[in-house]
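Notes for the structure review
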Amino acid sequence: MGLFTSRKTVFVDSDILVIGGGFGGCGAAYESRYWGRDKKIVIVEKANIERSGAVAQGLYAINCYMGMQWGENQPEDHVRYARNDLMGLVREDLGYDIARHVDATVHMFEEWGLPIMKDEETGRYKREGKWQIMIHGESYKPIIAEAACKAATKVYNRIMVTHLLMDETRPNRVAGAVGFSVRDGNFYVFRSKAVIVTAGGASHIFKPHSVGEGMGRTWYAPWSSASAYALPIQVGAKMTQMENRIVLTRFKDGYGPVGAYFLHLKTYTENAYGDDYEATWYDSIKQLVGDYVDHQPVPTCLRNHAFLEEIKAGRGPIRMVTKEAFKDPHKETVGWENFLGMTIGQAVVWASQNIDPKETNPELIMSEPYVMGSHATCSGAWASGPEDYAPSDYQWGYNRMMTVDGLFGAGDTIGGTAHKFSSGSFTEGRIAGKAAVRYVNDLGSDQPRVDETELDGLKTMVYQPMENYAIGRNEIVAGTVSPSYLLPLHGLQRLEKIMDEYVGGTSTNYLTNEPMLTRGLELLTMLKEDLPHLGADSLHELMRAWELQHRVLTSECVTQHTLFREETRWPGYYYRADHPRLDDTDWHCFTLSRYDAESGEWAMEKAPVHHIID
Ligand SMILES: Cc1cc2nc3c(=O)[nH]c(=O)nc-3n(C[C@H](O)[C@H](O)[C@H](O)COP(=O)(O)OP(=O)(O)OC[C@H]3O[C@@H](n4cnc5c(N)ncnc54)[C@H](O)[C@@H]3O)c2cc1C
């Protein structure tokens, strides 16, 4: 037994364990309670649920609302929209399932106190765009978290989940999870009949634009550390579309959102010489992707592509023309409030760089890539679809259950379903929660059991970085570089460099090819060999160590998927230089992977894309 494995072990039993108290997790807890009045529902959250996850700072718009009560849109319309934006490849059954329920979710948010802006003339919710409604959303997360806290039997804050537990009696069935408290250092064993993973997306996989003291400045939440993918990957759940990383056009340096500017303020972009550049690239994009360029709205990745090409042609920077819109005092207020409600840092960056958008058209930039399943991208776990709607080969049990029995997911965790955003993630959590209750009811006396000997091994492994540090620290007198251990920050920088240089990050203009990916995998393998030597000087650093472990495994999955898909399906998100065109003949399909933790091998396969909606 090592120095740190003498820590107390706390056992928590539940019917349903929700990992991550963000939007998907809050929805999962809420709905589990609705259908499972007698159930023990536990949420475990790495931060504090009141201000955790991607919506921690608040939002200015709910990006997924149909408006069916006013006949504004139907669920089928949303599926068509998401399919178009993802260049044809979405799980239409899952997307439809969210779209048909999402309005009810938003109406509940309003009942719980979320102020939604109204159109004074029509009384309807004020629209920012076809799918977005505007909110006063600084307190969006606390409002939603309150409902989840009331629904849950107990919320465990400040506990980082590191591994899922599997049933000792039946292979491929989940039995709970383990983690440690970032506050008191106790080891937690959550034994549960069903587990819903809702641990958010992945930032800091690729090297961000801002490094050093600015490294926390990323578009997606810096604390979204890929647990949503690594936890299911570790236990052999199939993943899908992990190559489909997202790259976003945002205001430079602060990553301030551009949606409200385009849609509500009607601002537009121009190159450094004041010219509209998108039309310049029409013919070359058509050569790459064919008719997809003629679809409306133009898919996000293709607009990115035009932006990138214009910069490569030497006519950057690209700017957002704000000077005209900001002459209107109402629009000026909206422009600033948009940041103050969710990305206050952008306002601070502009102030520090002497940018008044009334006087100066601010620069835009394309972000580094992120991996997530709820925005204009759809990486994540391969999940069973709704019983009444999914084609038979998309159904193997309960709605939103992964390919591991009893393991469910929602939000960024689930793949193939782009454009769900905050409201759709909560809705998908509700769908998963309802299905998980049914799964638990159906289990009857056939309950999962945890292997006690496995727990001892996991406990030793979880605290190993602290032990490595305590011992190795004596070998050096000063500084951070040791012959015996690797600090989490150093490991993270090594990971980001590999992903950036070999898997299509900013430094190669999002470009990669088979030899680069193969070399990237070799380097990732070497990094993995070093991870048992991570050193952590505190519980906080122990969390960083496990975040890195999750990021590395997820990165390996991203690289394997990118290697497998031999085409460039989403130019503007990344390029396979050796397969530069979209290839609908061979690649109008989903990519699936399965990791074998014993051998460290990945099995890749294709799955059909079923078009259910015309
Ligand atoms: C910058 C930005 C702007 C956005 N703008 C909009 C917008 O305008 N409108 C809109 O509708 N949506 C918007 N979204 C999207 C929305 O925030 C996401 O779709 C939604 O939050 C996804 O929900 P989730 O539950 O998957 O992840 P999250 O809400 O991020 O929740 C994940 C939770 O898991 C926890 N967690 C992570 N790892 C672990 C672990 N190992 N153990 C325990 N807990 C863990 C995290 O702390 C977090 O609380 C935006 C997102 C970002 C980042």
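Report follows, based on the coordinates. (Residues numbered from 1 in each chain as written. Predicted model: local features only at pLDDT ≥ 70, side-chain atom pairs only at ≥ 80, totals over all residues. Heavy atoms only, no water.)

Let's talk about helix α15 (residues 539-564)
The test is simple: Strands are runs of DSSP state E lasting at least two residues, helices are runs of H or I lasting at least four, and both sets are numbered from the N terminus onward. Any helix carries an expected span of 1.5 Å times its number of residues minus one. Exposure classes here rest on a 1.4 Å probe applied to the protein chains alone. A residue is buried below 20% of its type maximum, exposed above 50%, and partly exposed in between.
For α15, with 26 residues, the first-to-last C-alpha span of 38 Å sits near the 38 Å given by 1.5 Å per residue. The buried count for α15 comes to 21 of 26 residues, which makes it a mostly enclosed element.

Quick notes on the packing of aromatic side chains
What counts is decided by this rule: Aromatic pairs are defined between Phe, Tyr and Trp rings, using the six-membered ring for Trp, whenever the two ring centres lie within 6.5 Å; interplanar angles under 30 degrees are classed as stacked, those over 60 as edge-to-face, and all others as tilted. Criterion for a charge above a ring: Lys NZ or Arg CZ within 6 Å of the ring centre, and within 35 degrees of the ring normal.
For the structure shown, the criterion picks out 36 aromatic pairs. For the pair F23 and Y140, a centre-to-centre distance of 4.7 Å together with 65 degrees between the ring planes defines the contact as edge-to-face. You can see F23 sitting in helix α1 (residues 23-35) and its partner Y140 sitting in helix α4 (residues 140-151), a full 117 residues away along the chain. Here the aromatic rings of F251 and W350 are separated by 5.1 Å at their centres, their planes lie at 80 degrees, and the arrangement is edge-to-face. Placement of the pair is F251 in strand β10 (residues 249-251) and W350 in helix α10 (residues 344-352), with a sequence separation of 99 residues. In this structure W350 comes out as buried when scored by relative accessible area, which is 1%. Within the aromatic cluster, the residues linked to one another by ring pairs are F23, Y30, F109, W112, Y140 and F426. Directly above the aromatic system of W382 lies the positively charged group of R91, at a separation of 4.6 Å from the ring centroid. The cationic tip of R245 hangs over the ring face of Y574; the distance from NZ or CZ to the ring centre is 4.2 Å.

As for the nonpolar core
The criterion, for reference: As used here, the term nonpolar core means buried Ala, Val, Leu, Ile, Met, Phe, Trp, Tyr and Cys residues forming a set that is joined through side-chain atoms within 4.5 Å.
Counting residues in hydrophobic clusters, the biggest one holds 159 residues, and the most contacted among them are I19, Y140, Y229 and F408. In terms of residues, this core owes the most to one element, helix α11 (residues 421-443), which gives eight residues. Within the second largest apolar cluster, 19 residues are counted, among which are A175, V182, F187 and M466.

Honestly, that's just the spatial picture; any functional story needs more than this.
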